[in-house]
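For reference, the chains in residue letters:
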Amino acid sequence: MWRAAVRVLRGAGAPRAASGAAVGALRGAGAPRAASGAAAAQLRQRLESELEEIRSAGTWKSERVIASRQGPHLRLTGGGPGIINFCANNYLGLSSHPEVIRAAVEALEKFGAGLSSVRFICGTQALLTPEDAVLSDELNHASIIDGIRLCKANKYRYKHMDMQDLEAKLKEAQKHRLRLVATDGAFSMDGDIAPLREICQLAHKYDALVFIDECHATGFLGPNGRGTDELLGVMDKVTIINSTLGKALGGAAGGYTTGPKPLIDLLRQRSRPYLFSNSLPPAVVGCASKALDLLMESNAIAQSMAAKTQRFRSKMTTAGFTISGKDHPICPVMLGDARLASVMAEDMLNRGIYVIGFSYPVVPKGKARIRVQISAVHSDEDIDRCVEAFTQVGRKHGALP
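An account of the accompanying structure is given in this report. (Residues numbered from 1 in each chain as written. Predicted model: local features only at pLDDT ≥ 70, side-chain atom pairs only at ≥ 80, totals over all residues. Heavy atoms only, no water.)

Re unusual backbone geometry
Applied cut-off: By definition, any uninterrupted DSSP run of H or I lasting at least four residues is a helix, any uninterrupted run of E lasting at least two residues is a strand, and each is numbered from the N terminus.
The linkage connecting Tyr 360 with the following residue, Pro 361, adopts the cis geometry, with an omega of 10°. Residue Met 161 is not a glycine yet carries a positive backbone phi of 55°. For Asp 327, which is not glycine, the phi torsion reads 55° and is therefore positive. Among the structural elements, Asp 327 can be located in the loop between helix H12 (300-319) and strand E9 (330-336).

Next up, the structure:
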């Protein structure tokens, strides 16, 4: 369907790339059409060399096209039916839940496809200034790292979940006005959970604030699915929470920040990513609202996911694999070698199991793995078939004896 839409946008029989004349018309008279021949050739040579290095290292990442709706079983373009999907953030299976889809359609019909505008045009700053400091776990998600790079605060990086190192950095940062400890609640590559109790204790001791990113926790960690702060009993000690609507809460897009009301009011006035981004499409809001309604009504979906996570982790450990993290639906199968992770993931797909190999620079060198993600909508048979395929592929490629 999306290809038909592309054809409509291009026009029947339109070429895949616009002609030079058309581009010139769009840019305006006198606009340069391309870089000089020598410069373009030099750039192309450098890019091709870098791409070849990626291929040679076995870290080339292929993108596959899903030709069906998101769910435990799907169809890939060019592949047969019956692929079991173990590489989505669809932890609670809500992206294809009939009530969530119905809510999106109703919002689309009532409010249209989108608002075609940013929320408000003004503002240049956010929370932290050069007088302040942010202390970040070294394995925080790239989005957190990029946000920290863009802010003007002084930056400290502490070793992954190392409270002794964090305390040393907090002592060093006492000279700054504000100190903000920033961490993932659940780390997406390793499936481990931040020691929030200890982080909050140190923050209290050294008069710091705590920020957590809950993208891989919202909706399913904690007794009521409120996240890692609920799981670890520190809901009253975390200052700022950032999370997403694009994973467990329906899988569409968008996100949110919660915190003290004056802080949220200031972000609305000065946060550039908020101010200069389009408002969320109504269908996305409809999806997320219905997902939250379902989770507020019952925690049965989250409990189902937890039971299936335990089943997979237990069976894989018994088979001889090392699974990183603890009690999280992100289950990294640790392999070490990048090429091995890539080859095994490809062989798993040939057996009808869709998983992805991760290697440098997504994860540190020497820590390549295949990341498996469990969903509430996987059946026990799906889990067992995945474990069986891993066992066969692991023995074939020497990852198991």
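That was the structure; now back to the text.
Regarding the pattern of salt bridges
Filter applied, for reference: Salt bridge, as used here: a side-chain nitrogen of Lys or Arg that lies within 4 Å of a carboxyl oxygen of Asp or Glu. Residue burial is assigned from relative accessible area. The probe radius is 1.4 Å, only protein chains are included, and a residue is buried under 20% of its type maximum, exposed over 50%, and partly exposed in between.
Across all of its chains, the model carries 18 salt bridges by this definition. Between Arg 177 and Glu 131 there is a salt bridge, with the nearest N and O atoms lying 4.0 Å from each other. Separated by 46 residues along the polypeptide, Arg 177 in the loop between helix H6 (163-172) and strand E5 (179-184) and Glu 131 in the loop between helix H4 (98-111) and strand E3 (133-137) bring together distant segments of the chain. Classification of Arg 177 as partly exposed rests on a relative accessible area of 45%. We note a salt bridge from Asp 384 to Lys 315, for which the minimum N-O separation is 3.9 Å. One end of the pair, Asp 384, is in helix H14 (residues 380-396); the other, Lys 315, is in helix H12, with 69 residues separating them in the sequence.

Description of the sheet that holds strand E2 (residues 83-85)
Put simply, the rule reads: Two strands pair if DSSP finds at least two bridges between them.
The strand order across the open sheet formed by three strands is E1-E2-E10, and the pairing between neighbours is mixed. Two strands lie at the open edges of the sheet, namely strand E1 (73-74) and strand E10 (353-354), each paired on one side alone. In this structure, E2 lies alongside E10, joined through two bridges in parallel fashion. In the sheet register, Asn 85 faces E10, and the bridge partner there is Tyr 354.

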